[in-house]
Amino acid sequence: MYLRLPSKVLERILFFIDSNDDRNSVSLVCKSWFETERLTRKRVFVGNCYAVTPAAVVRRFPKMRSLTLKGKPHFADYNLVPDGWGGYAWPWIEALAAKNPLLEEIRLKRMVVTDECLEMIAASFKNFKSLVLTSCEGFSTDGIAAIASTCRSLRELELRECIVDDLGGDWLSYFPETSTSLVSLDFSCLDSEVKFSDLERLVSRCRNLKSLKLNRAVTLDGLESLLRRAPQLTELGTGSFSDELSPEALSKLSKAISACKQLKSLSGLWDVLPEYLPALYSVCPGLTSLNLSYATVRMTDLVDLLRRCKKLQKLWVMDLIEDKGLQAVATCCKELRELRVFPSEPDLEEPNVALTEQGLVFISEGCQKLESVLYFCVQFTNAALITIARNRPSIKRFRLCVIEPFAPDYKTQEPLDQGFKAIAMGCKDLQRLSVSGLLTDKAFEYIGKHAKNLGMLSIAFAGDSDLMLHHLLSGCKKLRKLEIRDCPFGDTALLENAWKLETMRSLWMSSCFVSFGACKLLSQKMPRLNVEVIDEMYPPETRPESSPVERIYIYRTLAGPRLDMPEFVWTIHKNPEIGVSHLAIK
Amino acid sequence: MAYEEVNNELNLKDTELRLGLPGTEEQQIEVSCVLSNKRKFQNNDENSLKEESSPSPAKTQIVGWPPVRSNRKNNNNNKNVTYVKVSMDGAPYLRKIDLKMYKDYPELLKALESMFKFTIGEYSEREGYKGSGFVPTYEDKDGDWMLVGDVPWDMFSSSCQKLRIMKRSEAPPAL
């Protein structure tokens, strides 16, 4: 006899399992568990919209209430992916609208979303609650107006760093007077001024509003008025913080801010004038998240603010904070988990501020809970990296951008191999790593061997040869995403480790030395990968096989060739007749 | 390539997939250094510094480097923005506007009207603004207060430092 868990019992157990990783494991146990799991999964995550067809996802998860999709590769953020590459939301929206009318939430990242998509969402999903678009493009404020006017139970509308065709601020006025369900509204990326009286009334009647992120066009007097109406906010993104205020007006604003006793997160603060920062002091003790990365304010003013933020867990700031400022943060902000330091003048050769590797060393010494780092700096040293790794083995995400390509350790002139070795070995839970500076193949040998939990790795201007790629693809057991630009490896390591690519989500390579011939060969041998050659200069099939291609994007897929490739993207499916005569495998 | 020298651990040649008929030597791709001719940043140092007209040491624009999203780069580039402060007699708050947003006087005046909720009246060269209690004035590069509209738009937008919408009663007769 054998024991079998009745599916009703399994259902009950699965009710408590939210993590999709766990649910994926459950679905591999046996067919009946696969069935029970798929019929109970509510939140579906698809990390690459081309890895699987919309129809397959919709068919597998009939009870889906929330879909998260990611489109373009990460390097699209830095203009390395040409416009028109792909990542269209439409086929997904269409499939969902047809088969899944009870859908409540759509979260898209780096996808092309049109007004038609937004109108379709508004028209098709009666219970639609949440739209979160991150780094998306292709739509206008008209599409947003459709969502605002039609989605009766809308709770979340968040446009995070999207590129929107801004036809004016009318969209906000489309929220009906009866709509009171908003919990979160983020229109910080839009330029146009909305009709302020409509915004005021919207905020007044949405008593559950917890998160409000305004755009730059909202003035300080506007902000004051809104805060008076919504003191229950937990997250606030201010508008522009630089209008001239009389002392009375400033005091009024201060008072309105201090009434927000539950405020945990503060952002916006564009062009903030230093003399206005004290208006924020009252909420500092409660803040857990502070985004000062648009505040061009000097170190002393930043420190005056930050030393009051004893509960701060997440800090985004510009390099204007300098080493001294970070030293103060290390002393005062003991709960810090995440630090991002952005360059104030990204395109200048010389550092314009006193921010060096020492700043990050201070943080690693003082902030015991540090997990996540993004740090832009002109130059670095191995000693600093070694110290940081020793101080903070808890680091899970470490992204260092040494702005000068090929910059060695500026004290010893050596490559930064030893420093990154220390990070790879010391930070045992390292999940994400971006390396920079002068690095030889050795650095990647260390990373390949020691970074056992590394899921995502970004590399630029590094390495000497194919060994670099070979180390990574034959090591790094948990590697899911690898993105590389301007590194001198060629075909060999890629072809030799082709098997690895099916265990990963994707591999991006641009301005490397991979030949068209290798791409063809890889495509033929690995039918479950899409090997995309992205080349705006020449159609690859007109070039000799040995010529290197501009960019390659390789990802595993069950969906087969995509049907929406532009001219400048080639896959073997465009020329399936490529003869085998000049290709051979040993 | 460098890997050929490392044959104690890796036998890449034995296991590699080759491009070429069996028995032929594989073709090596010519690689002298990373700075090959198709790289954008090959324009580093020598060429671009000559092309730079401004004296400041602006770095060569390598595409997508440093890896900062474009909205961050634009924010820090205040050099392109010409904000002027706008005040109105009797209004509690100043505003700031970017003169580049407007291409002529009617557009600017319309924007001011909507910003401060008033009407500006008809302009005529001889008599200035008639028909309203307000007179739009500006301070130019020389510190003089002038009537908005007296000089050609381009001259105005490049010399205007500040705008003030005066009450007619406060305005000097010359305006």
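Residues numbered from 1 in each chain as written. Chains lettered and ligands numbered in written order. Predicted model: local features only at pLDDT ≥ 70, side-chain atom pairs only at ≥ 80, totals over all residues. Heavy atoms only, no water.

A few words on the overall build of chain B. Each helix and strand in chain B was counted, giving five helices and seven strands. Reading chain B from its N end, one meets helices and strands in the order α-α-α-β-β-α-β-β-β-β-α-β. Considering only contacts within chain B whose residues lie at least 6 apart along the sequence, 42% involve residues at least 24 apart. (Helix = DSSP H or I, 4+ residues; strand = E, 2+ residues; numbered from the N terminus. Contact = heavy atoms within 4.5 Å.)

Next up on the list: helix 6 (residues 115-124) of chain A. By the burial criterion, the buried members of helix 6 of chain A are D115, C117, L118, I121, A122 and S124 of chain A. Residues of helix 6 of chain A that are buried sit in contact with helix 5 (90-99), strand 3 (105-109), strand 4 (130-134), strand 5 (137-140) and helix 7 (141-150) of chain A. (Buried < 20%, exposed > 50% of the residue type's maximum accessible area, 1.4 Å probe, protein only.)

Once that is clear, we can look at the pairing of strand 15 (residues 372-377) of chain A. All names here are of chain A. Burial analysis of strand 15 places six of its six residues in the buried class, which makes it a mostly covered element. Where strand 14 (residues 338-342) and strand 15 come together, four bridges link them in parallel fashion. Paired with L339 across the strands is V373, a residue of strand 15. For strand 15 and strand 16 (residues 397-402), the ladder comprises six bridges, and the chain directions are parallel. Across the sheet, S372 pairs through a bridge with R397, a residue of strand 16. In terms of handedness, the path from strand 15 via helix 14 (residues 382-391) over to strand 16 forms a crossover that is right-handed. (Pairing = 2+ DSSP bridges. Right-handed = clockwise from strand over helix to strand, strands pointing away.)

This paragraph deals with the environment of M526 of chain A. All names here are of chain A. For M526, the position within the fold is in the loop between helix 20 (516-525) and strand 21 (529-534). For the pair M526 and R556, spaced 30 residues apart in sequence, the C-alpha separation works out to 9.2 Å. Look past the residues within four positions of M526 in its chain and what remains in contact with it is A498, W499 and E502.

A word on the pattern of salt bridges. Residues and elements named next belong to chain A. Overall, the coordinates contain 40 salt bridges over all chains when judged by the stated rule. Among the salt bridges present, the one from E37 reaches R23, with a minimum N-O distance of 2.7 Å. Separated by 14 residues along the polypeptide, E37 in helix 3 (residues 31-40) and R23 in helix 2 (residues 20-27) bring together distant segments of the chain. By the burial criterion, E37 is buried, and R23 matches it. (Salt bridge = Lys/Arg side-chain N within 4 Å of Asp/Glu carboxyl O.)

To continue, consider the environment of T234 of chain A. All names here are of chain A. Along the chain, the position of T234 falls in the loop between helix 9 (220-229) and strand 10 (235-237). Separated by 188 residues in the primary sequence, T234 and A422 have C-alpha atoms spaced 39 Å apart. Not counting residues up to four positions away in its chain, the partners in contact with T234 are K210, Q262, L263, K264 and S265.

Turning our eyes to something else, we now look at a negative patch on the surface. Residues and elements named next belong to chain A. A contiguous patch of negative charge, built from E116, E119, D142, D165 and D170, is present on the exposed surface. Within the secondary structure, D170 sits in the loop between strand 7 (163-165) and strand 8 (184-186). For D170, a relative accessible area of 54% translates into the label exposed. (Patch = residues over 30% accessible without salt bridge, like charges linked within 9 Å, V, L, I, M, F, W, Y side chains within 5 Å. Areas by Shrake-Rupley, 256 points an atom, 1.4 Å probe, with all protein chains shown as cover. Lys, Arg positive; Asp, Glu negative; His and termini not counted. Charge placed at Lys NZ, Arg CZ, Asp CG, Glu CD.)

A few words on the state of the cysteines. All names here are of chain A. The final tally for this structure, using the stated rule, is zero disulfides over all chains. Its sulfur unpaired, C284 is 3.6 Å from the next cysteine sulfur, which belongs to C309. A relative accessible area of 1% places C284 in the buried class. Distance from the sulfur of C519, which forms no disulfide, to the nearest cysteine sulfur (C512) is 11 Å. (Disulfide = S-S within 2.5 Å.)

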